[in-house]
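# Remarks on the overall topology
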Amino acid sequence: MKRRTWLLGTAAALGGGVAVGLFWRQGSLRRQAQALTDPARGQLLGGWLRIAPDNTVTLYVPHSDMGQGVMTTLGMMVADELDIAWAQLRVEQAPAHGAFANPFFVEGFLMPGGVPQAVRPVADMAFGELARYARLQITGGSASVRHTGQRGLRVVAAAARGLLVETAARRWSVAPDTLAVQDGVVSDSTGARRATYGELAQEAAGRRLPTAPRLKTREQFRLMGKGVPRLDIPDKVCGRARYGIDLQLPGLLVATVQASPVHGGRLTRVDDAPALAVPGVKSVVRLPEAVAVVASGYWAAHRGLAALRPTFEGGEAQADSASAMARLHEALTSADTQTVVETGRAFDASVRRHVARFEVPWLHHATMEPINVTAQWADGRLLVWGSEQDALGAHGNLVKISGLPPEAVVFTPLLLGGGFGRRSAPKKNHLEQAVALARACSPAPVKLIWSREEDFTQGAYRPAVATTIEAALDGQGMPVSWVQRFTETPDLINEGYPVPYRIGHQHLQSVTTGSPVRVGAWRSVAHSQHGFFTESFVNELARAARQDPLAYRLALLPEGSRHHRVLLELAERADWRQAAPAGVARGVAMVESFGSVVGEVIEVALDGQRRPVVKRVVAVVDCGFLMHPDTGRQQVEGAILMGLSAALGEAITLKDGRVQQRNFTDYPILRLAQAPVIEVHFLESDGPLGGLGEVGLPPVAPALAQAWGQLTGQTIRRLPLLPAVA
Amino acid sequence: MPLTLRINGTSREVQSPPETPLLWVIRDELGLTGTKFGCGIAACGACTVHVDGQATRSCVMPVQVMAGRSVTTIEGLPATVGRPEGELHPLQRAWIQAQVPQCGYCQSGMLMAAAALLKATPRPTDADIDAAMTNICRCGTYPRVRRAIHAAAQAMTSREAA
């Protein structure tokens, strides 16, 4: 059989011969990878890149695109290292299969400082194994570019380029370093001999990848740092992009569901008859925690479900917001604490103390695409299509739920209409529902669509958290000790972070307490709460010391540090040293998260009815090197608006154990008319790449709260700022 | 009795019950998935289409009231300004130029709302845009939506002037 395409650059090729060997020994994994990526186009050789005879290159990305443009940015990094033209590259999401588990993500988080060369082969093997073991293809932690791209795919592409050049050199009996590459064509110094990657790939594929490829330096970048237009946008402006909810299959049924409004409750009774009387309804399916109606289309299913009067029992049916928040504050007085961070020694030379208690509510993700998933159980196999932030993890969940062997379960990832953590939540109750429905409807495929009401009331919310912070101050009002205690849930550890300021003693403790509702990661995870707590508290300390809050911070930071530079730049960009315009109050905050340092100044003014209005947000971002300037800017703009929306008006509240917010009318997401002027400035440094998907969010709430407090004369220690709608 | 719907310039016979919202006829029966389901209560605008040129939230509009009226979805947007299939409406070009979409799910509705705005108000002010663009975007594309509307308005009106 004639080979038509060749896959180069194995996942484990990060410079370790042993690791390459490991991957190549995985015969069945390799064969499956070939079949999964290119069943119709002949032989593939396992890995991340496929080079076709027509000199196009396909990159398989082990991430989901939920709006951050990651296919484009990672593709751009690969095209640059590989020395191909942008138009030669195709990018696809990698299949949800162990052959495409993401070792770079594991490495990035376990070895943030990089891997010593001496242990490289062992480390590669371990990270590959670990990624496969953990079934890891997660998109989160603002990690796609800084870990998968920077530590993984760039290296793979550079190694593939090296291999192809070496192949041409061998063919022509010349030294590799005499050859040049442009647009995927290798040529010799005279220009007489030329070969495309497509022509070289078959021969190259039989050879070992260079173990220590040389990456391009910044001066050599063609695309990195400049950017290319996003690949996904043309389809998204024409209605052609296909999200999970858009999947169409022959004979497709549609289901919708109502789960126990009290989380954790069980379905006890339901009379099917009213639903079955609705034209188009096929069946009513009882699930342990929910009832579902299956029909020929969504509207019939929706009407059928609305006709039912199911009863549920169990869960914390007495819980309400006030009692849940009281439980958090009570937990703060518990003796059962865990130390998260302790640096320096406590001392009592201080003349004064400042103490404050803060709290933040549950928040919903409210992705614009409601939760949905399609499943088909036929011939002993389970086929599932969906929009998940972790395709391989979803596959693992489905294997567990179905009880089928892994090879009998296929998960096909589709585009996400927003993620923000909701589609990586540990509790995949929609997957459990879909598997049960597929079993009940077998062999027909069934698409489960949650109504917006179900999406709101069955969320996996950003945890509500309470904290108490106590600072000991010296004679000038500068902190010498910082003692903080905060709540976390057993389901989602709420990390605590040492504050970046020069404070002799820091002691952070957590207290674990249960949650009456499902919780999950929400954009910027624990930074969304801690950013508000710690930076609000620093603003209070500055005010107590009668100092300018920006100058107060500068005094607590080493000159020349990333934080210090960000604040100086912010002062400049936000005109901080000039008085604010009349009637305008300003707030400032700075949070480091996911490897980036972000400072923000927010301006708020009162409108004609004396209501505060956000006028302007200035952000300074140090993310090391800025890989794709425009998508980076998009992410920071978006995170700022999401942070404003949350701090101004968002809260999930409980009454009788039930979430009260059922639709957008109860949960005021910021609209275009409320969006302020946003100015984003990047301050590049030689530091390692930082993330960008989440980092614009954490400083928003504390900066906004400070400005708001000045206008309204309050000290803001809880969110949201506006009264709840529900 | 089947109902005849005029959609994107062609007549289609529709079997769905008359009270079915236009959204679900468009998506489930006609298979045009560019129009999105967001909330079901006309609160978010993801399902915005044009009915006789007016921006309309299709998730609460029973299909029976569509008889004899003309419906345009995102798939038919270019034709509303006389563009042949395969070409783009000036707003779609401006959207690409400004790199507006992130996840993109709300963008069909955004574009349909913006197209209706420009038809009624060819050179909108910021206040006009504030009033007309009430669709929800969770990714935070609003600043770019505003910029792209101004750019498209300028492109469309200067072409007419020329």
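The model shown is predicted, which means the values in this text are computed figures rather than measured ones.

## Some remarks on the pairing of strand S4 (residues 54-57) of chain B
All names here are of chain B.
- Where strand S3 (residues 48-51) and S4 come together, 4 bridges link them in antiparallel fashion. Its bridge partner lying in S4, Val51 is registered against Gln54.
- The turn joining S3 and S4, which pair antiparallel and follow one another in sequence, is formed by 2 residues; a positive phi near 50° is taken by Asp52.

## Concerning unusual backbone geometry
Residue and element names in this part refer to chain A.
- That bond from Ser442 to Pro443 is cis: its omega, 5°, falls within 30 degrees of zero.
- Structurally, the position occupied by Pro443 is in the loop between helix H13 (429-441) and strand S18 (446-449).
- Residue Pro720 is reached from Leu719 by a cis peptide bond, and omega for that bond is 0°.
- In this structure, Pro720 sits in the segment after helix H19 (700-712).
- For Asp83, which is not a glycine, the phi torsion comes out positive at approximately 60°.
- Positive phi, normally seen in glycine, also occurs at Val525, with a value near 50°.

## Details of the domain arrangement of chain B
Residue and element names in this part refer to chain B.
- For chain B, the domain assignment lists domain 1 (3-76) and domain 2 (82-161).
- Distance between the C-alpha centres of domain 1 and domain 2: 20 Å.
- Contacts between the two partners involve 14 residues from domain 1 and, on the opposite side, 12 residues from domain 2.
- In terms of residue count, the dominant contributor to the side of domain 1 that touches domain 2 is S3 (3 residues).
- Here the residues of the side of domain 1 that touches domain 2 sort into 6 nonpolar, 7 polar and 1 charged.

## As for the packing of helix H18 (residues 629-649) of chain A against H19 of chain A
Residues and elements named next belong to chain A.
- Relative orientation of the contacting elements H18 and H19 amounts to 55°, with a least axis distance of 9 Å. One element, H18, and the other, H19, form an angle in the oblique class. With respect to the hand of their crossing, H18 and H19 are arranged in right-handed fashion. Together, Ile640, Gly643, Leu644 and Ala647 of H18 and Val700, Ala701, Leu704 and Ala705 of H19 make up the contact between the two elements.
- Split by residue class, the contact of H18 with H19 holds 7 nonpolar, 1 polar and no charged.

## Section: the domain arrangement of chain A
Residue and element names in this part refer to chain A.
- Looking at chain A, the domain boundaries give domain 1 (6-231), domain 2 (244-315 + 371-449) and domain 3 (322-362 + 461-712).
- Each side of the interface is counted separately: domain 1 has 13 residues, and domain 2 has 18 residues.
- Of the residues in the side of domain 1 that touches domain 2, the class split is 5 nonpolar, 6 polar and 2 charged.

## Digging into the pairing of strand S24 (residues 612-622) of chain A
Residue and element names in this part refer to chain A.
- The element S24 is extensively covered by neighbouring structure, given that 8 of its 11 residues are classed as buried.
- Inspection of the sheet shows strand S23 (residues 596-606) paired to S24 by 10 bridges, in the antiparallel sense. Residue pairing for S24: Ile602 is matched across the bridge by Val617.
- In textbook terms, the turn of a hairpin is the stretch between consecutive antiparallel strands, and for S23 and S24 this stretch comprises 5 residues, one of which, Arg610, has a positive phi near 60°.
- In this structure, S24 lies alongside strand S27 (residues 677-682), joined through 6 bridges in parallel fashion. Counterpart to Ala619 in the pairing with S27 is Val680.

Parameters and conventions
Residues numbered from 1 in each chain as written. Chains lettered and ligands numbered in written order. Predicted model: local features only at pLDDT ≥ 70, side-chain atom pairs only at ≥ 80, totals over all residues. Pairing = 2+ DSSP bridges. Helix = DSSP H or I, 4+ residues; strand = E, 2+ residues; numbered from the N terminus. Domains from an automatic or database assignment. Contact = placed C-beta atoms within 7 Å. Nonpolar A, V, L, I, M, F, W, Y, C, P; charged D, E, K, R; others polar. Axes fitted to C-alpha atoms, helices over the stretch in contact; angles between N-to-C directions. Parallel < 35°, antiparallel > 145°, perpendicular 65-115°, else oblique. Left-handed = near helix turned anticlockwise from the far one by under 90°. Buried ≥ 20, exposed ≤ 12 C-beta atoms within 10 Å, placed from the backbone.

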